[in-house]
Structures are given as C-alpha cells and as structure tokens.
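Close look at the chain arrangement
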Amino acid sequence: MTETLITNSVLTSLSLTLLHFLWQGLLIALVLKSVLIFIPQNKSQARYLLSCGAMLANITLPAITFYLLYQPESLTQQMSHISAVLTDLPVKFNPNDGYKGYTDILPWLSISWIICVIFLSVKLLLDFFGVV
C-alpha cells in the first residue's frame, strides 16, 4: 500500500503543484499589492478588477502547473532514477536506515492537504448551518 502511494504520479504531481503554488501565490500577491499602491482609493472598480484577476490567476496557475508536471511515464522514470541514486549514497545517508527522501514524503503531503480541505469544508458547512 505504501509503495503504491509513493509511486503514485497523481499524488506526487499534486504535492509538487502545492509546493509550487506557494511561490506562485506569493508572487501574484506581491504584484497585486505593488500595482494597487499606485491606483488611487477612489478607483474602486479598477482595484476590484485587478483583485479579481489575481484570484483568477490563483485558480489557473495551479491547474497549469499540475498539467505541466503530470507526466506518468517520465515521473516514474525520475523516481526510479532518484531511488537508484539514493542507494549509491554513502552509508551515513543510506535510505534503508530510516531516511525518507522527499519523493517518499510528497504523496503524503497531498493526502494531508486533501484531508485538511475536507475537514475545513465540513467545518464551514457546520458553521453555516449553525448561523442559519
């Protein structure tokens, strides 16, 4: 079961997409903030449109990143190459001694993210029905 998760290219691509979205989202926020500094407060429609464009970019960039990263054949080849390189490392960094490389952790990152999204969505629904 664990071996299937580690070699699952969808989970690995999803976790790499999440990691790339950290710097992509930060870049979008910095660009938006720097542009909004030069737009006067009374131009609310322009500020709103720019903010909507930033939110749209925050939706489309992860989808594009996942599309570019998800290549099952090459990802499997890369992971087998990485594990071959790890086995050639000196004894103090031997992966069989309990060391987990980042390729082993990536699928668990996406599973943790999915669990958090489900938990927070259920919490939001419960809070919404609590208000109504």
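Residues numbered from 1 in each chain as written. Predicted model: local features only at pLDDT ≥ 70, side-chain atom pairs only at ≥ 80, totals over all residues. Heavy atoms only, no water.

Considering the confidence of the model for the protein chain
Regions with low pLDDT should not have their predicted coordinates read in detail. When the pLDDT values of the protein chain are averaged, the result is 81; 72% of them are 70 or greater. At the level of individual helices and strands, the protein chain shows its lowest average pLDDT in helix H4 (residues 72-87), which scores 58, and its highest in helix H3 (residues 44-69), which scores 95. Low pLDDT, under 50, characterises residues 91-95; the predicted model gives this stretch 5 contacts beyond four residues in sequence or across chains. (pLDDT = per-residue confidence, 0-100. Helix = DSSP H or I, 4+ residues; strand = E, 2+ residues; numbered from the N terminus. Contact = heavy atoms within 4.5 Å.)

What about H3?
A rise of 1.5 Å per residue sets the reference length of H3, with its 26 residues, at 38 Å; its end C-alpha atoms lie 37 Å apart and thus fit the reference within 8%. What H3 keeps buried is the set Arg-47, Ala-54, Pro-62 and Thr-65. At its buried positions, H3 is contacted by helix H2 (9-38). (Expected span 1.5 Å × (residues − 1). Buried < 20%, exposed > 50% of the residue type's maximum accessible area, 1.4 Å probe, protein only.)

Thoughts on a nonpolar patch on the surface
Taken together, the side chains of Trp-113, Ile-114, Val-117, Ile-118, Val-122 and Leu-126 present a nonpolar region at the surface, about 540 Å² in accessible area. Here Ile-118 lies in helix H5 (residues 102-131). (Patch = residues over 30% accessible without salt bridge, like charges linked within 9 Å, V, L, I, M, F, W, Y side chains within 5 Å. Areas by Shrake-Rupley, 256 points an atom, 1.4 Å probe, with all protein chains shown as cover. Salt bridge = Lys/Arg side-chain N within 4 Å of Asp/Glu carboxyl O.)

So, H2
A rise of 1.5 Å per residue sets the reference length of H2, with its 30 residues, at 44 Å; its end C-alpha atoms lie 43 Å apart and thus fit the reference within 8%. For H2, every residue scored as buried is listed here: Ser-9, Leu-11, Thr-12, Ser-13, Leu-14, Ser-15, Thr-17, Leu-18, Gln-24, Gly-25, Ile-28 and Leu-36.

Examining the packing of aromatic side chains
Per the stated rule, a full pass over the model turns up 2 aromatic pairs. An angle of 5° between the planes, with centres 5.6 Å apart, marks the rings of Phe-66 and Tyr-70 as stacked. Given a relative accessible area of 26%, Phe-66 falls into the partly exposed group. Considering the side-chain rings of Phe-128 and Phe-129, the 5.5 Å spacing of their centres and the 65° angle between planes classify their relative orientation as edge-to-face. (Phe/Tyr/Trp six-rings, centres within 6.5 Å; stacked < 30°, edge-to-face > 60°.)

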